[in-house]
Amino acid sequence: MNLIIPAYVSQLMHKLEDSGYECYVVGGAVRSLLLDLPVHDYDLTSNALPEQMQKVFGSYHTLTTGLKHGTLTVINERKPVEITTYRKDSAYKDHRHPDAVSFTSAIEEDCARRDFTINAFCYSESRGILDFFHGREDLNARLIRAIGDPDKRFEEDALRILRAVRFAAQLRFNIEEKTSQALLSKRNELSYISMERIQEETISFLNASGCPSMFEKYYAVFEVFLPLPSAEEVRRHLYTCIYRSADDAIVRMALILTFADNPSASLHHLKYSNADRQMILNLISLQDHPLETRKDIRYLLHDLKAPLAAYLHYREALDGKDCHYVIKYCEEIEEKKECCHLKDMNMKGSDLVEMGYQGSRISAMLEECLFMVMDDTLPNNHEALTAYAKGRIS
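Residues numbered from 1 in each chain as written. Predicted model: local features only at pLDDT ≥ 70, side-chain atom pairs only at ≥ 80, totals over all residues. Heavy atoms only, no water.

Enquirer: How should the overall build of the protein chain be read in this particular structure?
Expert: Broken down by element type, the protein chain carries 21 helices and 11 strands. Against the compact-globule benchmark of 21 Å for 394 residues, the protein chain has a radius of gyration of 28 Å, which places it well outside the compact range. When the backbone C-alpha atoms are referred to their principal axes, the protein chain occupies close to 90 × 55 × 40 Å. About 19300 Å² of surface is accessible on the protein chain, with carbon and sulfur atoms providing 48% of the total. (Helix = DSSP H or I, 4+ residues; strand = E, 2+ residues; numbered from the N terminus. Rg over C-alpha atoms; globule rule 2.2 N^0.38 Å. Areas by Shrake-Rupley, 256 points an atom, 1.4 Å probe, with all protein chains shown as cover.)

In structure tokens, the structure reads:
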């Protein structure tokens, strides 16, 4: 079976092969090509040693930061391609990285150290697809299966536990029974993994279309690092919310943390960025905001610090009600240029300074006038606003 490999990748493969070495596209790229999915990165593997690769690609711009692990990054047509010497791993004492990496001349040994059968494919134009661990069968059966002993695989690198669940959610696959049992039994070994790597995998998982069913099935895995409710009734409600939710990691994390005691502390522990923390906390803070009248929506727009679409997805998942009508309110508010923010108000701080307002009284009066305009108590015109402010200065 011939796979279509981009020219910037195949040129590098041919360069190695013409120099007397083997070279294959390996791992996820082959899996994605077989599933007719987009490929974002092409990784190559070769029996050429790092110093031999450097000689072959001497005329190319290369990056050598991964060279001690056998990886040379070659820039071709302004795109980076990682090429790694066939490797075999030693013991994993920290449940994440092998204690040492040694090179091998056997491609099968290199594939044997990989995590799952569907990630162990190799492909070259000359030899076609190499599949030492029956990955094609698992691909056709839509299964995630660990290579070899799954307990050993998850003991070696506990991050594989989350990777298995994430792949299942992204590909809409099931996890093979022994692999499933092993990842559940080894789930507490995730405590050895850095929170940055856990967060990265979790975000990819929460964005996946198959997230809801995998979240329910492997709830115990996520309990290791997420503050999930233990009460049966609350847990069932959370499942329902996740099943109703859009494929959006921000929305789904907000739903999860809606039931947590301290969402802010949880997001800090999970190493979320300041921007994402602000959005998630803002969604949660507005979980009970009324959405009945146009005035309600004006106040929503005033308080909302996240995209409107994300908020509506969040409320629809949380409440189980269609919030599409809110968009019509927003369009009417925009069309009529109704005031929802200080920048929209026809009175500025400089106007208050001229009246004699000072310090914190300036911002306080601006806010007071804004809320009166939003309440339809005052019209948003300069004359009415300044008259009201003058009457309140004493």
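Structure shown, so let's carry the discussion forward.
Enquirer: Whenever I open this one, the sheet that holds strand 3 (residues 61-63) confuses me. Can you help?
Expert: Working definition: the strands of a sheet are paired by backbone hydrogen bonds and lie parallel or antiparallel to each other. One open sheet holds the 7 strands; their spatial order is 3-4-5-2-1-8-9, and the pairing between them is mixed. Since the sheet does not close on itself, it has two edges, and those belong to strand 3 and strand 9 (128-130), each with one partner. Averaged over all pairs of adjacent strands, the angle between strand axes in this sheet comes to 35°, irrespective of strand direction. For strand 8 (residues 122-124) and strand 9, the ladder comprises 3 bridges, and the chain directions are antiparallel. Bridge assignment links Cys122 to a residue of strand 9, and that residue is Leu130. (Pairing = 2+ DSSP bridges. Axes fitted to C-alpha atoms, helices over the stretch in contact; angles between N-to-C directions.)

Enquirer: Mind showing me how you'd approach the packing of helix 20 (residues 360-374) against helix 21 (residues 382-391) here?
Expert: For any two helices packed against each other, one specifies the crossing angle of their axes together with the interaxial distance. Running from amino to carboxyl end, helix 20 crosses helix 21 at an angle of 130°, the nearest separation of the two axes being 11 Å. Taken together, helix 20 and helix 21 sit at an angle that is classed as oblique. Like other packed secondary-structure pairs, helix 20 and helix 21 cross with a definite hand, here right-handed. Taken together, the residues of helix 21 that come into contact with helix 20 (itself represented by Met365, Glu368, Cys369, Met372 and Val373) are Leu385, Tyr388 and Ala389. Across the contact of helix 20 with helix 21, the residue classes tally to 7 nonpolar, no polar and 1 charged. (Parallel < 35°, antiparallel > 145°, perpendicular 65-115°, else oblique. Left-handed = near helix turned anticlockwise from the far one by under 90°. Contact = heavy atoms within 4.5 Å. Nonpolar A, V, L, I, M, F, W, Y, C, P; charged D, E, K, R; others polar.)

Enquirer: Would you explain the pattern of salt bridges in this entry?
Expert: When the charged atoms of two side chains lie near each other, side chains of opposite charge can form a pair. Within the structure shown, the criterion is met by 24 salt bridges. One salt bridge in this structure joins Glu156 and Arg160, with 2.8 Å as the shortest N-O distance. Judged by its relative accessible area of 6%, Arg160 falls in the buried class. Between Glu201 and Arg166 there is a salt bridge whose closest N-O contact spans 2.8 Å. A residue pair is termed long-range when its members are at least 10 positions apart, and Glu201 in helix 9 (residues 195-206) and Arg166 in helix 7 (residues 159-171) qualify at 35 residues. Like Arg166, Glu201 is buried. Through salt bridges with shared partners, a single ionic network connects Arg294, Arg298, Lys328, Glu332, Glu338 and Asp376. (Salt bridge = Lys/Arg side-chain N within 4 Å of Asp/Glu carboxyl O. Buried < 20%, exposed > 50% of the residue type's maximum accessible area, 1.4 Å probe, protein only.)

Enquirer: Help me understand helix 1 (residues 7-18), please; the structure alone is not making it clear to me.
Expert: Given 3.6 residues to a turn, an α-helix orients residues that are three or four positions apart in the same direction. The end-to-end C-alpha distance of helix 1 is 16 Å, a good match for the 16 Å that 12 residues give at a rise of 1.5 Å each. Taken residue by residue, helix 1 has Tyr8, Val9, Ser10, Leu12, Met13 and Leu16 as its buried positions. Of the surrounding elements, those touching the buried residues of helix 1 are strand 1 (23-26), strand 2 (43-46), helix 3 (50-56), strand 4 (71-76), strand 5 (79-85) and strand 8. Within two residues after helix 1, Gly20 carries a phi angle of roughly 95°, on the positive side. (Expected span 1.5 Å × (residues − 1).)

Enquirer: What is the right way to look at unusual backbone geometry in this model?
Expert: The phi angle of most residues is negative, glycine excepted, and most peptide bonds adopt the trans form. Residue His134 is not a glycine yet carries a positive backbone phi of 60°. By secondary structure assignment, the location of His134 is in the loop between strand 9 and helix 5 (135-141). For Arg172, which is not glycine, the phi torsion reads 60° and is therefore positive. If you trace the backbone, Arg172 turns up in the loop between helix 7 and strand 11 (174-175).

Enquirer: Even after reading the chapter, I still don't get the pairing of strand 4, so can you show me in this structure?
Expert: If a strand is regular, its side chains alternate between the two faces of the sheet. For strand 4, the tally of buried residues reaches 5 of 6 residues, placing the bulk of the element in the interior. One ladder, built from 3 bridges, connects strand 3 with strand 4; its direction is antiparallel. Following the sheet pairing, Thr62 is matched in strand 4 by Val74. Hairpin connection between strand 4 and strand 5: a loop of 2 residues separates the two successive antiparallel strands, and Glu77 in this loop has a positive phi of roughly 50°.

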